[in-house]
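Each chain is listed here by its residues.
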Amino acid sequence: MIHTELYIDGKWQAPLANGTRTILSPADESAIAEAAEGTREDARRAIAAARQAFDHGPWRNSTIRERARLLNRIADLIDRDAETLARLESLNTGKTLTESRTDMGDIAATFRYFAGLVASESGAVNEAPHHVISRTLREPVGVCGLITPWNYPLLQAAWKIAPALGAGNTVVIKPSNLTPLTTWHFTRLIAELDLPPGVFNLVTGGAEVGAELAEHHDVDLVSFTGGAYAGESIMKAATGNFKRIALELGGKNPNIVFADADLDTAVDYALNAAYFHAGQVCSAGSRLMIEDGIYDTFVERLAQRLPRIVIGNGMHAETQMGPVQSAQQHQKILGLVELGISEGARLVHGGKRPPGEVFAKGYWLEPTLLADVTADMKIAKEEIFGPVITAERFRSEEEALRLANDTPYGLAAAVWTRDLDKANRMSRALRFGTVWVNDYHPYFPEAPWGGYKASGIGRELARIGLDEYTELKHSYINLAPKPMGWFGV
Ligand code: NAD
C-alpha cells in the first residue's frame, strides 16, 4: 500500500489535520493507496512557503541556463522512472498502460520543449532616444497555484509546471484527490534535485485546497484544468486580488464526417476519437456528425466494431479500453445514456456494465453508441466524459457548420473529407481551439492548446504557454538626466 504526504517548503509532511483519503482502483475498487488529504490550512502553509521563496529566495533571479537545466534534468528523471510512473497512472486512472506510457513520453518531451524555449528567451531593446535605454523584459509572475483534473493527472500537471518553473515562478500544485499518485511520485523526483525550499510545493486534497489557491491574495496566478463548474468558481474567487487566471475547461467536440471521406479510415479514427481513455478526454470526439448519404453505413460499420473492443484492466497488455475513473463518473454516464434514450436516441450498442464476474466490481462500461441523435437533445450538448458516441445526421456543409458551432464549448473539432477546399473552409469557420482534418487527437508541445468560448481562457503549450507565466516589463533608463524646469521655476 502506498502512503503519500504533502511536500511543503522542501519537506515531506503530514497534513496538519492528519487527514487521509483511500484511493481506490477503478478496475476492482480495491484500496491502492492512503493519500494525504490536505486542507485550506495546509494550502496556506504551502502558499506562504512559495511566497517566501519567490520574494526572498534565489530562484526568481536564477539564470535561464539554470532553469533550462532544471527542466532537462526533470525530463531525464521522468525517463528514468517512466515505467513506474506509467504503472501508477494506469493503476490510479484505469487507463491502459499503452496510453500511460505515451503520456510519460509526452511529459518528458514537454519539459524538454520548455527547456529549449526558456534557454532561448531574451528580452528586447526598443528603439528610443540616445540617452535612454528602453528594454522589454519578461519576468516571472510570482506564486502560481496549479490545479489539475483526474483524467490526465501528470500530463496536465507537466503542461503547467514546466513553464511555471521555467519562467522563474514558485508553485503550489494540487492534483485531483481522486488521482494524486503520479504527481506525488513526480514530487519525489523534484525532491532529488537541489531546488531551493518553497519553490515547488505539493498539497493533495479536495476542492477546498483548490479554492484556497484561487482566493488567496499571495497567489499571483492560478492555472486550472477541469470542469466548467469549478472553473467558474475559480474565476470569481480570483477577482479578490485580480490574479492572473488560465482555465482549460471541458469540451463537446464535433467529429464531422463528409460523404466523400475515406470511410475505412474515418470509422477507425471515430472509434479512437471517442473511446481512447474510455472517452475521458476533454477533446474526445464524442459528438459524431455524419453526412446523410453515408449515415446508416457509417453507424453500421461502427456497430460491427464495438463488440470487438477489448475491455479490461488497463495493466493487461491486450486491453484496448479500461474502466472509467470513479463511481460518480460511472453513474453520471449511465444517467446521460438513459436520458438520451428517453429523448429519442436509439441505443445501438452498450449503455451498461459489460457482462461477467470480472466486471462485477469496478467502474466498467461497454463502449456505447447512440444513433438518431438530434442537435436539440441534451446528450448532443452536454459533455458526457465517458465511452459514448452520439451520432447526429447533417445534410449540407452549411448545416454541419451551423450545428457544430452551436455549442457553448469550443475546444476541438475534426473534419473528414477528401475535398481540400471544403477542409480549408471548415477549418477556418469552426470556432474551436484545435481543428483536425483527416485525423483525431494529435497535439504537440510546439502547438497551442486551449479552448474558445466556455472551453477556457488562455492557452497551454507553445510559446504562449510560457508567456502566460511571465509579466512583461518596460524598463526605461535615462542615462543623462538633467533639470528640465517644468514646474514652479
Ligand atoms: P473538476 O472541475 O471536478 O476538478 C478539477 C480540479 O479542480 C480537481 O483538482 C478538483 O479537486 C479541483 N476543484 C474542484 N472544485 C474546485 C473549486 N471550487 N475550486 C478550486 N478547485 C476545485 O474536474 P475533473 O472532474 O477532475 O476533470 C474533468 C473535467 O476536466 C472535464 O470537464 C474535462 O473536459 C476537463 N479537462 C479539460 C482539459 C483541457 O485541456 N481543456 C483537459 C483535461 C480535462
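Before reading further, recall that the structure is shown in the block above.
Definitions and cut-offs
Residues numbered from 1 in each chain as written. Predicted model: local features only at pLDDT ≥ 70, side-chain atom pairs only at ≥ 80, totals over all residues. Heavy atoms only, no water. Helix = DSSP H or I, 4+ residues; strand = E, 2+ residues; numbered from the N terminus. Buried < 20%, exposed > 50% of the residue type's maximum accessible area, 1.4 Å probe, protein only. Contact = heavy atoms within 4.5 Å. 1 Å grid on protein atoms, 1.4 Å probe; cavity = no way out; pocket = protein on both sides within 12 Å on 5 of 7 lines; lining within 4 Å. Points joined across faces, edges and corners; volume = space filled by probe spheres on them. Nonpolar A, V, L, I, M, F, W, Y, C, P; charged D, E, K, R; others polar. Expected span 1.5 Å × (residues − 1). Arc of directions from axis to C-beta. Polar contact = N/O pair within 3.5 Å; in protein donor to acceptor, adjacent residues only side chain to side chain.

A. Quick peek at the environment of Gly285. Locating Gly285 in the fold gives a position in the loop between helix H9 (263–275) and strand S14 (287–291). Overall, the relative accessible area of 1% leaves Gly285 in the buried class. Each C-alpha atom of the pair Gly285 and Ala270 lies 7.1 Å from the other, and the pair is 15 residues apart in sequence. The residues contacting Gly285, other than those within four sequence positions of it, are Asn253, Asn255, Ala273, Ala274 and Tyr440.

B. Structural context of the layout of surface pockets. The space that makes up the largest pocket amounts to roughly 980 Å³. For the lining of the largest pocket, the secondary-structure elements that each account for two or more residues are helix H7 (207–215), strand S11 (221–225), helix H8 (228–237) and helix H11 (327–343). Ranked by residues supplied to the lining of the largest pocket, first place goes to H8 with five residues. For the lining of the largest pocket, the residue count by class is 15 nonpolar, 14 polar and five charged.

C. Broad picture of the side chain of Glu468. Structurally, Glu468 can be placed in the loop between helix H14 (462–467) and strand S21 (470–478). Beyond its immediate sequence surroundings of up to four residues, Glu468 is in contact with Val141, Leu221, Arg244, Ala246, Gly458 and Arg459.

D. Spatial organisation of H9. In this model, H9 (13 residues) spans 18 Å end to end at C-alpha, consistent with the 18 Å of a helix rising 1.5 Å per residue. Looking only at H9, the buried set comprises Leu263, Ala266, Val267, Ala270, Leu271, Ala273, Ala274 and Tyr275. Projection of H9 onto a plane perpendicular to its axis shows the buried side chains occupying an angular sector of 165°, all on one side. At its buried positions, H9 is contacted by strand S13 (254–257), S14, helix H10 (292–305), strand S16 (368–373), strand S17 (388–394) and strand S18 (412–416). Where H9 begins, one side-chain oxygen reaches toward the backbone nitrogen of Asp264, 3.2 Å away; that side chain belongs to Asp262.

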